[in-house]
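Commentary on secondary and tertiary structure
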Amino acid sequence: MPPRTRSAWLRTLGQLLLVLGGAVVVGLAVRQAWAVVACVALAVVAWHYWRLRRLLLQLTARKRLAPPLGDGVWNELDRLLYRGQAEKRGRKRRLIQMLSAYRAAAAALPDAIVIVDRNSQRVQWFNEASTSLLGLRYPHDIGAPLSERLQPLPLAHWLSAGRHAEPMETRSPVNASMTLSLRLIPYSESLWMLVARDVTRLLQLEQMRRDFVANVSHELRTPLTVVHGYLDMLDPEDNPEWAPMLAEMQRQSQRMTQLVEDLLMLSRLESQDSLPSEEAVSMPPMLAALRREAVALSQGRHEISVEDSAGIDLWGSHRELHSAFSNLVSNAVRYTPAGGKVHIRFRHDARGASLDVVDSGYGIPAAHLPRITERFYRVSNSRSRESGGTGLGLSIVKHVLNLHQARLDITSEVGRGSTFSCRFGAERLREREHYGQTA
Ligand code: ADP
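Source: prediction; values computed, not measured.

Re the overall build of the protein chain
For the protein chain, the count of helices and strands is 12 helices and 13 strands. Considered along the principal axes of its C-alpha atoms, the protein chain spans approximately 150 × 55 × 50 Å. For the protein chain, buried positions account for 37% of its 439 residues. Here the contacts in the protein chain between residues at least 6 apart in sequence split such that 59% fall between residues at least 24 apart. Taking the average place of the 55 positive charges on the side chains of the protein chain and the average place of its 44 negative ones, the gap between the two points comes to 21 Å.

Below is the structure:
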């Protein structure tokens, strides 16, 4: 017990003894000791009950208590209650300050933030940006079902994916020229946070970048064709001392032409969300063409083999798929030293089909694998340049496969070789038609 409380307690005990002692003395003087002591004891008990009642009234009134004056155990109790109430008020004030600071921060955010109840999917709270970006109105939309309130947006299906919902880009229901990026963040057992960000400017910049690359590549095409054409017309035998320079110029102009073609192809792939037209892609002629290309590129330096055990065809764009597969085959030949093996195989299992290009070449260190499909990313600049690479091959492969909802899996071991697998889902498979010629 703290000293102050302890002394109040002792003082009250002392007062009780004094009062009872006084009652005994007065009782003895009037020869009615028991009666006087009983009356005084009753008065003491009554006084305590009165204080108890006062205390109960104070507690139930929920009023702000006044600081007590005087001492004694009841005043000490009042003092402790007064202190507890003051501390609670202080804590509450601090909490309210913190809460309003958080609310002010959330309100000041340029992104729309909507708190949604996970079970009912109703709006619990939203910040000011939700009005300008999503068209939510306060207080009318508090408690409204989110997908119903944001009707034009395809939210119902997206919300049902819950924590697995992928970020979604969509038009704002308020302004059709504004594009929003929506993310769903489950942050507690019962609440989700929907964050909507205006990405219009970002998309415009991205589009400008794409247009710039596409336009520059397009503009470079004609002058390059001219340079290439004239270079081809020059005969090294006319000026034998120029022969090495001429050969180098031809090699470099060839590289630049390939780079421009690859950039144009990438721009075209990036600008489309889906394939413009789809067809059955017959695999035996495709595999035969890949083998021919590998043989031509290898010029007898590698052992090339093709295996076709799938017995089915693919569904998609012949031109894009051929370009992707041929990039993989060309890489396998270029990054495999002479004497190595390149194996192209097309297999089919319960989950789909896979076209694998397996080589016994240099391999890729594991640290490079996560970034290998980025444009111009190279494991070794010198080796890639020597081999005539543009640094865009695997980006093209990735984009083509994305358009076919397929994925690229890479396994590689330095010094032992690599396997690049294009995995297609069952929806991309078609019964194989009968061809006279196989790979
Ligand atoms: P590049 O035109 O330089 O070959 P790619 O995008 O096709 O560009 O490939 C990117 C990089 O990945 C290459 O520079 C090379 O370092 C590495 N790479 C690609 N395929 C293979 C392979 N089969 N074996 C070893 N390394 C490879």
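There is more to say, and it comes next.
Remarks on the sheet that holds strand β8 (residues 312-316)
The strand order across the open sheet built from three strands is β6-β8-β13, with neighbouring strands paired in antiparallel fashion. Strand pairing shows two members of the sheet lacking a second neighbour, β6 (279-281) and β13 (429-431), which therefore form its edges. Strand-to-strand twist across the sheet, computed as the mean angle between neighbouring axes with direction ignored, equals 45 degrees. Two strands pair when backbone bridges link them, and β6 and β8 are joined in this way by three bridges, in the antiparallel orientation. Its bridge partner lying in β8, A280 is registered against W315. Sheet strands in contact with helix α9 (residues 283-298) are β6 and β8, and its direction is about 90 degrees off that of β8.

Quick word on a positive patch on the surface
On the surface, R62, R64, K88, R91, K92, R93 and R94 cluster together into a patch of positive charge. Examined against the element boundaries, R91 turns out to sit in helix α3 (residues 73-108).

A few points about the UniProt feature "transmembrane region" (unreviewed entry) in the protein chain
In the numbering adopted here, UniProt assigns the feature "transmembrane region" (unreviewed entry) to residues 33-50. Secondary structure across residues 33-50 comprises 100% helix and 0% strand; the distance between its end C-alpha atoms is 26 Å.

Quick notes on the side chain of N127
Residue position: N127 is located in the loop between β2 (123-126) and α4 (129-134). One polar contact links the side chain of N127 to the main-chain carbonyl oxygen of D111, over a distance of 2.9 Å. A polar atom in the side chain of N127 sits 2.9 Å from the backbone nitrogen of I113. When neighbours within four sequence positions are excluded, N127 is seen to be in contact with A106, A107, L109, D111, A112 and I113.

Topic: the nonpolar core
Among the nonpolar cores identified, the biggest contains 46 residues, and L314, L321, F325, L328, F346, L408 and F424 are the most heavily contacted of them. Among the elements that make up this core, the one with the highest residue count is helix α10 (residues 318-334) (seven residues). Taken domain by domain, this core gets at least three of its residues from each of domain 3 (203-270) and domain 4 (279-431). In this structure F346 touches M283, L287, E307, D308, S309, A310, I312, L314, A353, S354, L355 and R432, once residues within four positions along its chain are discounted.

Thoughts on the packing of aromatic side chains
Taken as a whole and assessed by the stated rule, the structure comprises two aromatic pairs. Between the aromatic rings of F126 and Y138, the centroid separation amounts to 6.4 Å while the plane-to-plane angle is 75 degrees, which identifies the pairing as edge-to-face. Remark: Y138 occurs in the loop between α4 and α5 (146-149) and F126 occurs in strand β2; sequence separation between them is 12 residues. A relative accessible area of 7% places F126 in the buried class. On the basis of relative accessibility, which here comes to 64%, the residue Y138 falls in the exposed class.

What about the pattern of salt bridges?
Counted by the stated rule, this structure contains 22 salt bridges. Linking E270 and R209 is a salt bridge whose minimum nitrogen-to-oxygen distance equals 3.7 Å. Taken as a pair, E270 in helix α8 (residues 243-271) and R209 in helix α7 (residues 200-233) lie far apart in primary sequence, 61 residues in all. Owing to a relative accessible area of 15%, E270 belongs among the buried residues under this scheme. With relative accessibility at 32%, the residue R209 sits in the partly exposed group. Residue E261 pairs with R221 through a salt bridge whose shortest N-O separation is 3.1 Å. Taken as a pair, E261 in helix α8 and R221 in helix α7 lie far apart in primary sequence, 40 residues in all. Residue class for E261 comes out partly exposed when judged on its relative accessible area of 31%. Linked through salt bridges whose partners overlap, the residues forming this network are E206, R209, R210, E270 and R375.

Conventions adopted
- Residues numbered from 1 in each chain as written.
- Predicted model: local features only at pLDDT ≥ 70, side-chain atom pairs only at ≥ 80, totals over all residues.
- Heavy atoms only, no water.
- Helix = DSSP H or I, 4+ residues; strand = E, 2+ residues; numbered from the N terminus.
- Buried < 20%, exposed > 50% of the residue type's maximum accessible area, 1.4 Å probe, protein only.
- Contact = heavy atoms within 4.5 Å.
- Lys, Arg positive; Asp, Glu negative; His and termini not counted.
- Charge placed at Lys NZ, Arg CZ, Asp CG, Glu CD.
- Pairing = 2+ DSSP bridges.
- Axes fitted to C-alpha atoms, helices over the stretch in contact; angles between N-to-C directions.
- Patch = residues over 30% accessible without salt bridge, like charges linked within 9 Å, V, L, I, M, F, W, Y side chains within 5 Å.
- Areas by Shrake-Rupley, 256 points an atom, 1.4 Å probe, with all protein chains shown as cover.
- Salt bridge = Lys/Arg side-chain N within 4 Å of Asp/Glu carboxyl O.
- UniProt positions renumbered as here; feature names shortened; annotations may be inferred.
- Polar contact = N/O pair within 3.5 Å; in protein donor to acceptor, adjacent residues only side chain to side chain.
- Core = buried A, V, L, I, M, F, W, Y, C linked by side-chain atoms within 4.5 Å.
- Domains from an automatic or database assignment.
- Phe/Tyr/Trp six-rings, centres within 6.5 Å; stacked < 30°, edge-to-face > 60°.

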